[in-house]
Amino acid sequence: AQTVTQSQPEMSVQEAETVTLSCTYDTSESDYYLFWYKQPPSRQMILVIRQEAYKQQNATENRFSVNFQKAAKSFSLKISDSQLGDAAMYFCAYRSFYSGSARQLTFGSGTQLTVLP
Amino acid sequence: NAGVTQTPKFQVLKTGQSMTLQCAQDMNHNSMYWYRQDPGMGLRLIYYSASEGTTDKGEVPNGYNVSRLNKREFSLRLESAAPSQTSVYFCASSELGLSYNEQFFGPGTRLTVL
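Below is a short write-up of the structure. (Residues numbered from 1 in each chain as written. Chains lettered and ligands numbered in written order. Predicted model: local features only at pLDDT ≥ 70, side-chain atom pairs only at ≥ 80, totals over all residues. Heavy atoms only, no water.)

Moving on: unusual backbone geometry. Note the cis peptide between Thr7(B) and Pro8(B), where omega equals -10°. Considering the arrangement of structural elements, one finds Pro8(B) in the loop between β1 (4-7) and β2 (10-13). Even without a glycine there, the phi angle at Arg43(A) is positive, about 80°. Note that Arg43(A) resides in the loop between β5 (32-39) and β6 (46-52). The backbone of Lys73(A) shows a phi angle near 55°, a positive value even though the residue is not glycine. Counting through the fold element by element, Lys73(A) comes out in the loop between β8 (64-69) and β9 (74-79). In this structure Lys73(A) comes out as partly exposed when scored by relative accessible area, which is 27%. (Helix = DSSP H or I, 4+ residues; strand = E, 2+ residues; numbered from the N terminus. Buried < 20%, exposed > 50% of the residue type's maximum accessible area, 1.4 Å probe, protein only.)

All names here are of chain A. Scanning the model with the defined rule gives two disulfides over all chains in all. A disulfide bridge connects cysteine 23 with cysteine 92, and the sulfur atoms are separated by 2.0 Å. Residues cysteine 23 and cysteine 92 share a disulfide whose torsion about the S-S bond is about -70°; that sign makes it left-handed. Pair noted here: cysteine 23 is in the loop between β3 (19-21) and β4 (24-26) and cysteine 92 is in strand β10 (residues 88-96), with a separation of 69 residues, a long-range link. (Disulfide = S-S within 2.5 Å.)

Residue and element names in this part refer to chain B. Among the secondary structure elements, glutamine 85 is positioned in the loop between β8 (74-78) and β9 (87-94). Exposure remark for glutamine 85: the relative accessible area of 5% places this residue in the buried category. Those residues within four positions of glutamine 85 in sequence are excluded, and the remaining contacts are Arg36, Asn62, Gly63, Tyr64, Leu78, Ser80, Leu111 and Val113. (Contact = heavy atoms within 4.5 Å.)

To continue, consider the pattern of salt bridges. All names here are of chain B. As enumerated under the stated definition, the model contains six salt bridges over all chains in all. Arginine 77 is paired through a salt bridge with glutamate 79; the nearest N and O atoms lie 3.1 Å apart. You can call glutamate 79 partly exposed: its relative accessible area is 41%. (Salt bridge = Lys/Arg side-chain N within 4 Å of Asp/Glu carboxyl O.)

Chain B puts 27 residues into the contact, and the matching count from chain A is 20 residues. Of the roughly 2000 Å² buried between chain B and chain A, counting both surfaces, carbon and sulfur atoms make up 52%. The interface formed by chain B and chain A holds seven residue pairs in polar contact (both at pLDDT 80 or more) in total. Sorting the residues of the side of chain B that touches chain A by element identifies β4 (31-37), β5 (43-49), β9 and β11 (109-113) of chain B as the ones contributing at least two each. Looking at the side of chain B that touches chain A residue by residue, the classes come out as 14 nonpolar, 10 polar and three charged. (Buried area = accessible area lost by both parts, 1.4 Å probe. Polar contact = N/O pair within 3.5 Å; in protein donor to acceptor, adjacent residues only side chain to side chain. Nonpolar A, V, L, I, M, F, W, Y, C, P; charged D, E, K, R; others polar.)

In short, geometric facts, not functional conclusions.
If you want it as structure tokens, here you go:
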């Protein structure tokens, strides 16, 4: 079974600065997908960014980018030019490429990000 | 286009009571999921339905039952609620065929069992 570990329960960043959230995972599979979800106080889960394991290029979505290190099984999220609206719980998630009809996500325990004005 | 909706948003039950959490999606997705979120933990899968007419157990199915009523609706039932089922429950849906299979989540139901 796959596991996802987020070792930083809480992080803080000054507005306009850059912050990196860490995520490691354990899998024996070679093909899979990785995701970062954001959960603001409203509780709504919002997809921030995704990465296909077979792609070497790191994914980027505006101010959000990832550092995907497949050999190290590491998938960190970098938020540039942090904004107050980025304050939320961030979850790293894994999905097997070969999960058949299941396609369920395996989540880490989350990192609570505080943005300081 | 409401996406994924869940009712109720909040619920308080007494131990032993039963209730059904409702979920509906208007995106014509084939797959639907129920997760629970406990403090200090990520979401864990309770049950899922890969397509209309099928349901399967996830990681933590004990104490729950599900019904895929039609393509739009997927309900989660607690037959005899226990304090250990106090949690936030999320429903999600996704479309088969998309390689990355993004899941869209509802706003959650906060359930407290006394």
